[in-house]
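What follows is each chain in one-letter form.
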Amino acid sequence: MIITVVDLSLSPRETLPFAPETLTCIERSLASGRHVIIYHNRRWAGTATICRTCSHVWQCPRCDVALVRHLRPTDRLRCHRCGYVGHPPETCPECGGADIATIGVGTQAIESRLQTLFPSFRIVRLDADSGESAWCDDPLLSPSIFVGTASVLSVYSDRIGTCVFTLFENDSIVTSYDSDETLHRRIRLLSERSSETVIQTHIPHHPVIRSFVSGTYREFARESLDRRMRFWYPPYAELVDIVIRHRDRTKLDTILASIESWLTNRQNTTELSCDRSVTSREDGLYVRRVTMKWIDLGTDLALIRNTLWKNRAVSVEWH
Ligand SMILES: [Zn+2]
Ligand SMILES: [Zn+2]
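Now for a look at the structure at hand. (Residues numbered from 1 in each chain as written. Chains lettered and ligands numbered in written order. Predicted model: local features only at pLDDT ≥ 70, side-chain atom pairs only at ≥ 80, totals over all residues.)

Turning our attention to the overall build of the chain. Looking only at helices and strands, the chain has eight helices and 18 strands in total. The 319 residues of the chain split such that 29% are buried. Long-range contacts, defined here as pairs at least 24 residues apart, represent 66% of the contacts in the chain between residues at least 6 apart. (Helix = DSSP H or I, 4+ residues; strand = E, 2+ residues; numbered from the N terminus. Buried ≥ 20, exposed ≤ 12 C-beta atoms within 10 Å, placed from the backbone. Contact = placed C-beta atoms within 7 Å.)

Spelled out as structure tokens, the structure:
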């Protein structure tokens, strides 16, 4: 297993999203008749559309999120939360300016870039938008470049040369308690199938990368388990989100107040932890999420089942 870490802060910006040494590895694999896998955990063409003159960001009219630019099948702005679809703007509604940019890079943009860089090779995009979920090697086919999100994990072949993680941070900045472990699993899985893995990043000293470079997997596993134990995450505690969605913000606040009063009483035990995130909007509904961690939440939730569960605005998500 060969792992090469490329520090993007030292790379020329003109060649991004691929550093020059990454392109050399890709070219070497293709020249030797091997496939290339490009893992990029952002779909679409770009992550937000902004006005360069006044910094206006195009947002979904029904949710609190930026609209995402899709180039295929047609050029549209889409909301990934509620499904809203809008036309790409020509001018800014705030300042009237026409200097509009799509920021961030998704798999569709990477695919287009690869087509320009390697016009004589087949580029296969595998993600939720492409409709392709799995791929098996045909030895008669010439080498291909597979680009995609976690769907590229389904590529099976004994002639995979280079595997590239285009931007490690796409996964490492996810605020989930097990995001580092998921990322570790993905790097391991792809690196075991390929002859060389290239990880592009601005944070080359991240613990996940360090564990691969120095071969200290046991240390990484021990640190992950220690962290889960220290912060009350599974398997040392149960994790539950109570999600409240309501069209009426006042009613949402009333329901939240009843949950909070219950939590305040329970917090006397000191083992209960609760995050009260800010109110957001999804598909026209106001949303609040209360995260609870404790050893045995089933017993506690049973106590408030009658007051909460009959309310259709409230749902419970177990992790
Ligand atoms: Zn929306
Ligand atoms: Zn503007």
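Take the pairing of strand β17 (residues 285-294) next. By the bridge criterion, nine bridges tie strand β14 (residues 238-246) to β17 in an arrangement that is antiparallel. Its bridge partner lying in β17, H246 is registered against Y286. Across three bridges, strand β16 (residues 280-282) lies against β17 in antiparallel orientation. The residue of β17 that forms the bridge with E282 is L285. (Pairing = 2+ DSSP bridges.)

Here we take up the pairing of strand β2 (residues 35-39). Most of β2 sits out of view: five of its five residues are buried. The alternating pattern of β2 places H35, I37 and Y39 and V36 and I38 on opposite faces, both of which are buried. As paired strands, β2 and strand β12 (residues 160-165) are joined by five bridges and run parallel to one another. Residue pairing for β12: V36 is matched across the bridge by T162.

Turning to the sheet that holds strand β5 (residues 76-78), a few remarks are in order. Spatially, the three strands line up as an open sheet ordered β4-β5-β6, and their pairing is antiparallel. Each edge of the open sheet carries a strand with a single partner, namely β4 (68-70) and β6 (85-86).

The next subject is the nonpolar core. Ranked by internal contacts, the top residues of the largest apolar core, which has 32 residues, are I37, I38, Y39, F146 and V164. Looking at this core, the elements that each hand over two or more residues are α1 (20-31), β2, α2 (107-117), β10 (144-148), β12, α4 (179-193), β13 (194-201) and α5 (207-213). Grouped together as the second largest cluster of nonpolar side chains are ten residues, I244, V287, M292 and W294 included. (Core = buried A, V, L, I, M, F, W, Y, C linked by C-beta atoms within 7 Å.)

A separate point is the environment of Y39. The topology assignment puts Y39 in strand β2. Judged by the 26 C-beta atoms lying within 10 Å of it, Y39 is buried. Spatially, the C-alpha atoms of Y39 and F165 are 5.0 Å apart, while their sequence positions differ by 126 residues. With sequence-adjacent residues up to four places away left out, Y39 is seen in contact with V152, C163, V164, F165, T166 and L190.

This part takes up the environment of G86. Along the chain, G86 turns up in strand β6. Residue classification places G86 among the partly exposed residues on the basis of 14 C-beta atoms within 10 Å. Each C-alpha atom of the pair G86 and C60 lies 8.9 Å from the other, and the pair is 26 residues apart in sequence. Aside from chain neighbours lying at most four places away, what touches G86 is L67, R76 and L77.

Here six strands make up an open sheet; going across it, the order is β1-β13-β12-β2-β10-β8 and the pairing parallel. One side of each edge strand has no neighbouring strand; the edge strands of this open sheet are β1 (3-7) and β8 (122-126). Neighbouring strand axes in the sheet, compared pairwise and without regard to direction, differ in orientation by 15° on average. Relative to β13, β1 runs parallel, the two being bridged by five bridges. Paired with V6 across the strands is Q200, a residue of β13. Against the sheet, α1 makes contact with β1, β2, β12 and β13, and its axis sits at roughly 155° relative to β12, the strand it touches most. Against the sheet, α4 touches β1, β2, β12 and β13, its axis set at about 140° to β13. (Axes fitted to C-alpha atoms, helices over the stretch in contact; angles between N-to-C directions.)

Attention now moves to α1. Along its twelve residues, α1 runs 16 Å from first to last C-alpha, staying within 8% of the 16 Å computed at 1.5 Å per residue. Turning to α1, its buried residues number three or more, namely T22, C25, I26, S29 and L30. The buried residues of α1 all sit within an arc of 130° when viewed along its axis, so they share a single face. Turned more than 90 degrees away from the buried face of α1, the exposed residues are P20 and A31. The elements touched by buried residues of α1 are β1, β2, β12 and β13. (Expected span 1.5 Å × (residues − 1). Arc of directions from axis to C-beta.)

Function-wise, these values are silent; they only describe arrangement.
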